Amino acid sequence: MRETVIKSPSKRDLVFLDEEQQSPQQTPLIILAFGEDFSGKSRFGATAPEVIGCVPLDRKTRSTFERTARELKRRYLIPKQDLVREGNMAVRGRWSELAEAVEAEKSDSEIAKIVEATKKVYRSHINMVKEVTWALHDRDEVQTVFIDTFEQFYQDMLFAYYGRVGHLVRRMPTGKMYKDTSEANQETVDFVNSLSDKNLILTHRTKEEYYKDVRTGRMIWSGYKWLGHNCTLVIEHVKNKRYDPGSEKPGERWHYGLSVQKCTDNIELEGPIGQADGGGGLTDGNVNFEMLRTLVWPETAVW
């Protein structure tokens, strides 16, 4: 790769990297992964390129991730101090006092103090998670950052901004009221973008999709609903409800699978070949980072 110097309108010399064709395996994968509990999300994270920097925010993450990484002989870094949010954070933040304060008709200033104390506790937790994540990301040897679950990070971000209500209520010029989480959303996007020069896996639980209060029949991730726009891949971990190990039917022989919902680098994966039951091979032992990456860039068998 060579360097090309271009003079800007302000007469500054700007240096650009000049390459006719960039090798596709140089591009990191930014993955939003979602699925129901026990569908393989934590295990998938342990199959990523090493060294893997794991940020565990769920109580099941550490045991599943470490067991799988050891089986696969993957090197990883994981914080010694557990980052799982404490169950009594609401008590520490005095949130439990709020209902009593409202019932006792305390002043708005007293209630505001309780809300601010709650927000402060969650902000402290968010800042600690970000500091640990950035420390892993900044190590040259770390090739993948794995945050499990990122849905939990986003939920705590909402609490840090808005208290346990999780949003602000604003009025549109038309008079209609709406829930506003724009500040928390922007900080979440900025955080993801700050990590996106390395492989990044962000896990979420799943929920039913609704459109105009009507079920669509599809499943989507729980958490920030526009996060997929900041990722290069959106994948769903699925469990086969028709699984029968003794069956001769191909659609019943696999137990765990992976389906691609979005892929900016290979849109064909959004079709049958990228689905667990579509013949692409993303089932059971083939549900791993290497197999997925090979499907994204089929011209590169080795990464």
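Coordinates for the structure precede this section.
Since this is a predicted model, take the numbers as computed values, not measurements. (Residues numbered from 1 in each chain as written. Predicted model: local features only at pLDDT ≥ 70, side-chain atom pairs only at ≥ 80, totals over all residues. Heavy atoms only, no water.)

1. Let's talk about the packing of aromatic side chains
Across all of its chains, the model carries 10 aromatic pairs by this definition. Each member of the aromatic cluster is reached from another via a ring pair, and the members are Trp-134, Phe-150, Phe-153 and Phe-191. The ring of Phe-38 carries the charged tip of Lys-60 above its face, separated from the ring centre by 5.4 Å. (Phe/Tyr/Trp six-rings, centres within 6.5 Å; stacked < 30°, edge-to-face > 60°. Lys NZ or Arg CZ within 6 Å of the ring centre and 35° of its normal.)

2. Quick look at the layout of surface pockets
By volume, the largest pocket amounts to about 880 Å³. Lining the largest pocket we find 26 residues, and of these Lys-207, Gly-223, Tyr-224, Lys-225 and Trp-226 sit closest to its centre. Those elements giving two or more residues to the lining of the largest pocket turn out to be helix H6 (150-162), strand S8 (177-180), helix H7 (182-195), strand S10 (206-211), strand S11 (214-221) and strand S13 (256-263). Counting residues per element, the lining of the largest pocket draws most heavily on S10, at five residues. When the residues that make up the lining of the largest pocket are grouped by side-chain class, the tally is nine nonpolar, nine polar and eight charged. Lining the second largest pocket are 27 residues, with Gly-40, Lys-41, Ser-42, Arg-43 and Phe-44 sitting closest to its centre. For the lining of the second largest pocket, the secondary structure elements donating two or more residues are helix H1 (41-45), helix H2 (61-71) and S13. Grouping the amino acids of the lining of the second largest pocket by side-chain chemistry returns five nonpolar, 11 polar and 11 charged. (1 Å grid on protein atoms, 1.4 Å probe; cavity = no way out; pocket = protein on both sides within 12 Å on 5 of 7 lines; lining within 4 Å. Points joined across faces, edges and corners; volume = space filled by probe spheres on them. Helix = DSSP H or I, 4+ residues; strand = E, 2+ residues; numbered from the N terminus. Nonpolar A, V, L, I, M, F, W, Y, C, P; charged D, E, K, R; others polar.)

3. A look at unusual backbone geometry
That bond from Glu-50 to Val-51 is cis: its omega, 5 degrees, falls within 30 degrees of zero. Tracing the chain through its elements places Val-51 in the loop between H1 and strand S4 (52-56). A positive phi angle, near 75 degrees, is found at Lys-11, a position not held by glycine. Even without being glycine, Asp-284 reaches a positive phi, approximately 45 degrees.

4. Focus: the side chain of Thr-68
With respect to the secondary-structure elements, Thr-68 resides in helix H2. Exposure remark for Thr-68: the relative accessible area of 1% places this residue in the buried category. Once residues lying within four places of it in the same chain are set aside, the contact partners of Thr-68 are Arg-43 and Ala-46. (Buried < 20%, exposed > 50% of the residue type's maximum accessible area, 1.4 Å probe, protein only. Contact = heavy atoms within 4.5 Å.)

5. Examining the pairing of S4
Taken across its five residues, S4 has five buried, putting it largely inside the fold. Burial along S4 is two-sided: the residues Ile-52, Cys-54 and Pro-56 and Gly-53 and Val-55 are all buried. Pairing between S4 and strand S5 (residues 76-77): two bridges, direction parallel. Bridged to Gly-53 within S5 is Leu-77. Between S4 and its parallel partner S5, the chain crosses via H2, and the hand of that crossover is right-handed. Of the pairings in the sheet, the one linking S4 to strand S6 (residues 144-148) comprises five bridges and is parallel in character. Directly across from Cys-54, in S6, lies its bridge partner Phe-146. (Pairing = 2+ DSSP bridges. Right-handed = clockwise from strand over helix to strand, strands pointing away.)

Taken by themselves, the reported measurements are silent on function.
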